[in-house]
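Remarks on the overall topology
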Amino acid sequence: MNIFRYLATGLVLLICASAGAASVQELACQLADSGQFMKATAVITMVLAETNLPSSERRELEKELDRLPRIRLDYPLTHDALFEKLKASVSGLTREEFEGWIAAKRFDVRMIDGEERFMASSVANLFFRYPELNPRRTPLHEEAAEGDMWENAVAIKQAVKSGHTPYVLPKNFEVTMTVTVASNVVPAGETIRAWLPIPRDYPYQNGYELIASSPKVLQTAPATSPIRSVYMEQAAPTNAPAVFKIVYRYATKGVRFDIDPEKVVPFDGKDAEIAKFTREAPQVVFTPEMRALSKQILGDETNPARQAKKFYDWISKNIQYSFSTEYGTLDNISDYTRTHRYGDCG
């Protein structure tokens, strides 16, 4: 036992006992960022034991306490486990080559309680970020889907031009969705509640129709719900999985808007629905670095449509597609993408 280490931990906890929740949260974040997850958890847990903690401060600390195990879930792979997964996916991979990739920082990695841990999506992200490795991918990655998407995009563009409507080429889909809760995860007889996502209505998407379900659908969210779902429930069976299944159909169309830059005017801020997409949010913060980059990309351009195109083109050329960690664990999603130069569709 390292008595000095435990004395130091005790001193940290004593300091926290006399600090405000905001200071504790800041300390916990610092501990987590330096890889000391167990110490951060201990700090927050001790402060949450205080009965007179204001509800707003308690909520923030509970959020931080919840974030730490979710970060662990995002980084489950040890050094050797990552090598084994890569060996199964990269033809001819040697330990020497792998160690070279580690040294070159090709993978998302965090120190967690003294151990180097790698992101769950490390294998997929390797091929996103280094496409020259695709010929070595096992099984070989099929590029037919990318070709089909390109042909579909060209067909949509042509249909919009000839039909003078932004919504074209309707397609009908029939979908089967099954969600299974493993045996004995929930005590037998207890109610399991499930919300299964279904398509909401848009100008380009409609016609949702439930064909079959098991168990019975008890409630369906309104067609315009931003998180539309069907609600189902069943008692947990004994020594058997609980299965929720729906079969439905819906229709969707290709979408393209031909925008004339000369007809576009700046947003005046009055439309509340649009305004909420132009302001900062808890995990979208306009840092000084982000503002400076925006000015650099825009240059002297003042037309809103051409400004949007400049942003789009810059992202296309400078940001690689790559799976991100869970958004709820990030302080600033946009700045994460800016600093890493990669991100996903969120």
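Before any of the text, the structure's been laid out above.
In short, a report on the structure. Nothing here was measured: the structure is a model prediction, and the numbers come from that model. Per-chain numbering applies: the sequence of each chain, read as written, is numbered from 1 onward. Only residues with pLDDT of at least 70 get local features here, since the model is predicted, and only at 80 or more are side-chain atom pairs given and counted; chain-wide, interface and lining totals rely on the full set of residues. To get the side-chain values, take all heavy atoms of the structure and skip hydrogens and water.

Before going further, it helps to spend a moment on the overall build of the protein. When helices and strands are counted, the protein shows twelve helices and ten strands. Only protein chains enter the accessibility calculation, which uses a 1.4 Å probe. A residue is then buried if its area is under 20% of the maximum for its type, exposed if over 50%, and partly exposed in between. Looking at the protein as a whole, 29% of its 346 residues are labelled buried. For the protein, the proportion of contacts with a sequence separation of at least 24, taken over those separated by at least 6, is 65%. Here the open area of atoms and residues is found with the Shrake-Rupley method and a 1.4 Å probe, where only the protein chains shown may cover a residue. Accessible area of the protein: about 22,100 Å², with a carbon and sulfur share of 56%. Of the side chains in the protein, 41 bear a positive and 44 a negative charge, and the two mean positions are spaced by 3 Å. Secondary structure counts use DSSP, requiring at least four H or I residues in a row for a helix and at least two E residues in a row for a strand, with both numbered from the N terminus. Should any heavy atoms of two residues lie within 4.5 Å, those residues are considered in contact. His is not counted, nor are the chain ends, whereas Lys and Arg count as positive and Asp and Glu as negative. For this purpose, a charge sits on NZ of Lys, CZ of Arg, CG of Asp or CD of Glu.

In this section: helix H11 (residues 304-318). What a helix should span is 1.5 Å times the count of its residues minus one. Over its 15 residues, H11 extends 21 Å from the first C-alpha to the last, a length consistent with the 21 Å expected when each residue adds 1.5 Å. Between the side-chain oxygen of the N-cap and the backbone nitrogen of Ala305 there are 3.0 Å, and the N-cap of H11 in question is Asn303. For the purposes of these results, a polar contact is taken to be a pair of N or O atoms within 3.5 Å, where, inside protein, one atom must be able to donate a hydrogen and its partner to accept one; residues adjacent in sequence count only when each atom of the pair is a side-chain atom.

In this structure, the amide linkage connecting Thr138 to the following residue, Pro139, adopts the cis form with an omega of -5 degrees. Inspection of the secondary structure puts Pro139 in the loop between helix H7 (122-129) and helix H8 (144-163). For Asn239, which is not a glycine, the phi torsion comes out positive at approximately 55 degrees.

Working definition of a nonpolar core: buried Ala, Val, Leu, Ile, Met, Phe, Trp, Tyr and Cys residues. They are joined through side-chain atoms within 4.5 Å. Phe37 and Leu61 are the most contacted members of the largest nonpolar core, which has 17 residues in total. If one sorts the elements of this core by residue count, helix H3 (residues 37-48) sits on top with six residues.

A separate point is the side chain of Ser89. Looking at the secondary structure, you find Ser89 in the loop between helix H5 (79-87) and helix H6 (95-103). We classify Ser89 as buried; its relative accessible area is 16%. Beyond its immediate sequence surroundings of up to four residues, Ser89 is in contact with Val123, Phe127, Arg136, Arg137 and Thr138.

Strand order in the open sheet formed by three strands is E3-E8-E5, with antiparallel pairing between adjacent strands. Each edge of the open sheet carries a strand with a single partner, namely strand E3 (167-181) and strand E5 (205-214). The mean inter-strand angle of the sheet, taken between neighbouring strand axes irrespective of direction, is 15 degrees. Here, a strand pair is defined by DSSP locating no fewer than two bridges between the strands. For E5 and strand E8 (residues 242-255), the ladder comprises seven bridges, and the chain directions are antiparallel. Among the inter-strand pairings, Gln205 is bridged to a residue of E8, identified as Thr252. Angular values range over 0 to 180 degrees, each being the angle between N-to-C directions of two axes fitted as lines to C-alpha atoms, with helices fitted over their stretch in contact.

To continue, consider the sheet that holds strand E6 (residues 219-220). Taken in spatial order, the three strands of this open sheet run E4-E7-E6, and their pairing is antiparallel. Either end of the sheet is taken by a strand with one partner, and the two such strands are strand E4 (191-197) and E6.

Our next topic: the packing of aromatic side chains. Any two of the Phe, Tyr and Trp rings considered here, Trp counted by its six-membered ring, make a pair once their centres fall within 6.5 Å; the pair's planes then place it as stacked at under 30 degrees, edge-to-face at over 60, or tilted in between. Under the counting rule described, the total for this entry stands at 13 aromatic pairs. Considering the side-chain rings of Tyr208 and Tyr248, the 5.5 Å spacing of their centres and the 50 degrees angle between planes classify their relative orientation as tilted. Here Tyr208, found in strand E5, pairs with Tyr248, found in strand E8; they are 40 residues apart in sequence, far enough to count as distant. Overall, the relative accessible area of 18% leaves Tyr208 in the buried class. A relative accessible area of 6% places Tyr248 in the buried class. Ring pairs connect the aromatic residues Phe83, Phe98, Phe107 and Phe118, which therefore count as one cluster. Lysine and arginine charges are scored as sitting over a ring when NZ or CZ, respectively, is within 6 Å of the ring centre and within 35 degrees of the ring normal. When the ring centre of Tyr342 is taken as reference, the NZ or CZ atom of Arg129 above it lies at 3.7 Å. The ring of Phe127 has Arg137 sitting right over it, with the charged end atom 4.3 Å from the ring centre.

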